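Descriptive structure summary
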Amino acid sequence: MTDDHIEIRGLTKRYPGGDPERPALSGIDLDIGHRHFVSLIGPSGCGKSTLLRVIAGLEGHDDGSVSLFGESPRELCRRKAVGLVPQTPALLPWLTVRQNVALPSKVNRRAPRNGDSPDELLRAVGLDDAAHRYPHELSGGMRQRVAIARAFGLRPEVLLMDEPFSALDEFTREALQIQLLALWQSRATTVVFVTHSVHEAVTLSDRVVVMSARPGRVHEVLPIDLPRPRDREVVSGLRTNDLERRVRTCLQSAWESGAAPDDLIPPAGVR
Ligand SMILES: Nc1ncnc2c1ncn2[C@@H]1O[C@H](COP(=O)(O)OP(=O)(O)OP(=O)(O)O)[C@@H](O)[C@H]1O
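The structure presented is a predicted model; accordingly, all values stated were derived computationally and were not measured. (Residues numbered from 1 in each chain as written. Predicted model: local features only at pLDDT ≥ 70, side-chain atom pairs only at ≥ 80, totals over all residues. Heavy atoms only, no water.)

Side note on the sheet that holds strand β4 (residues 63–68)
Here is the rule we go by: Strand pairing is defined by DSSP finding a minimum of two bridges between the two strands. Think of it this way: any DSSP run of H or I at least four residues long counts as a helix, any run of E at least two long counts as a strand, and we number them from the N terminus. Here an axis means a line fitted to C-alpha atoms, over the contact stretch when the element is a helix, while the angle between two N-to-C directions is reported on a 0 to 180 degree scale.
With respect to topology, three strands assemble into an open sheet ordered β2-β1-β4, the strand pairing being antiparallel. Single-partner strands in this sheet number two, and they are β2 (25–33) and β4. Taking the axes of each pair of neighbouring strands and ignoring which way they run, one obtains an average angle of 15 degrees across the sheet. As defined by bridge partners, strand β1 (residues 5–13) adjoins β2 across six bridges and the pair is classed as antiparallel. Counterpart to Glu7 in the pairing with β2 is Asp31.

Structural data, given as C-alpha cells:
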C-alpha cells in the first residue's frame, strides 16, 4: 500500500444473482496520482459506476484491493474525505441554495475548519446571486452547480463524479467544465470522472481510462499531455483532435473485445 496515490489491484466485483462468469468488474488494476484528474469512459455496462461506488466505499468487492492514499474506501468515507456528485443532483427542496451548500459542514462534526464558506463556493460556481433561491427555481445546470459547490464544501481528498454534465446543453456543459477545473486546481482534490463524451474526457483529464465490458476491465489508459489551463486555444487545437481520435479508436477496440459473438452480428436490416 502506498499513501501517495490511489492504488487498485486485481479488483473484482460480482453483484448477487449476477452471472458468475461475467463479474461487473474483473481484475481491475489502476493507479491514480494525487491531485490528478482521471476520466473513466467505456461502453454502457462496463462497470464505470460500479468502480466509482467501490472507490467511494458504497459497495464492497470480492477480490483485490483498493487503497486511497494508504486508507481503505470505508476509512476515507468515515472521515468524509470522499465526495460523490451523481448524474442527478440530490438537493433538499425545502432548503435554499445557500443552505444546501452549507448543510454538509453543518451536520458534520468532521468538517474542516479551514473549509470554504458557502458564499465562497457559490461565487466559484457563479451562483452568488441565487443563494436565496430554492432548488425548484433553478435550471438543471444551476442545480448541478449547487451540487458541485456542496461537494467541495468538505474539501474532499477524492471527488467522484458520475456523468454530472450528461443532461446539460453544450454551452452550460462547457461553462461547468471550466468552473470544475478551476475548483479542482485550487482545492488539491483528486477527481475521478465518469463520462460518455470523448471530448469531455480529453479536455478535462490528465489520463483517460478506457474500459471494456463483459466483464468490466481496464482496456487501456491514455495519458493526455495537453497543457493547462485548457483554454479555448488548447481545447480546439490539433493535438486535442488527435487525442480524441486515439480515444475513439481505443473505445472501438474496447467495444469489440468486450462484445459477445452475437453482438457482432448486426440485427436484420442493419448493415
Ligand atoms: N445493483 C446492481 N445489481 C446487480 N447488477 C448490477 C447492479 N448495478 C450494476 N449492475 C450490473 O453491473 C454491470 C456494470 O454496471 P454499471 O452501472 O457499473 O455500468 P456503467 O459502465 O456505469 O454503465 P452506464 O454507462 O450504462 O451507466 C452491468 O452489467 C449492470 O447490469
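Having seen the structure, we can now continue with the description.
Re unusual backbone geometry
A cis amide bond, omega 0 degrees, links Arg228 with the succeeding residue Pro229. Position of Pro229 among the secondary structure elements: in the loop between β9 (217–223) and α8 (232–235). We note that Arg155 has phi near 50 degrees; this positive angle belongs to a residue other than glycine. Within the secondary structure layout, Arg155 lies in the loop between α5 (140–153) and β6 (158–162).

Some points on helix α6 (residues 170–187)
The following threshold applies: Between the first and last residue of a helix there are one fewer steps than residues, each counted as 1.5 Å, and that sum is the expected span. Classification of residues uses two cut-offs on accessible area relative to the type maximum, computed with a 1.4 Å probe and protein chains only: under 20% is buried, over 50% is exposed, and between them is partly exposed. Any pair of residues with heavy atoms lying within 4.5 Å of one another is described as a contacting pair.
The terminal C-alpha atoms of α6, which comprises 18 residues, lie 26 Å apart, in line with the 26 Å expected from a rise of 1.5 Å per residue. Turning to α6, its buried residues are Thr172, Arg173, Leu176, Gln177, Gln179, Leu180, Leu181, Leu183, Trp184 and Arg187. Residues of α6 that are buried sit in contact with β3 (37–41), α4 (118–124), α5, β6, β7 (190–194) and α7 (198–204). Of the residues trailing α6, Ala188 is marked for its positive phi of about 55 degrees.

Concerning the site of the ligand
Filter applied, for reference: Put simply, a residue is near a molecule or strand once any heavy atom of it comes within 4 Å of that molecule or strand. Any N or O atom pair separated by 3.5 Å or less is treated as a polar contact, with the protein-specific requirement of one donor-capable and one acceptor-capable atom, and with residues adjacent in sequence counted only for side-chain atom pairs. The Shrake-Rupley method, run with a 1.4 Å probe sphere, supplies the accessible areas, and residue values consider only the shown protein chains as cover.
Around the ligand, the neighbouring residues are Tyr15, Ala24, Pro43, Ser44, Gly45, Cys46, Gly47, Lys48, Ser49, Thr50, Glu163 and His196. Contact distances for the ligand include 3.2 Å between an oxygen atom and a backbone N or O atom of Cys46. Between the ligand and Lys48, the relevant distance is 2.8 Å, taken from an oxygen atom to a side-chain nitrogen or oxygen of the residue. Notes on the ligand: free accessible area 640 Å², of which the protein chains cover 55%.

Bear in mind that shape data such as this cannot, by itself, settle questions of function.
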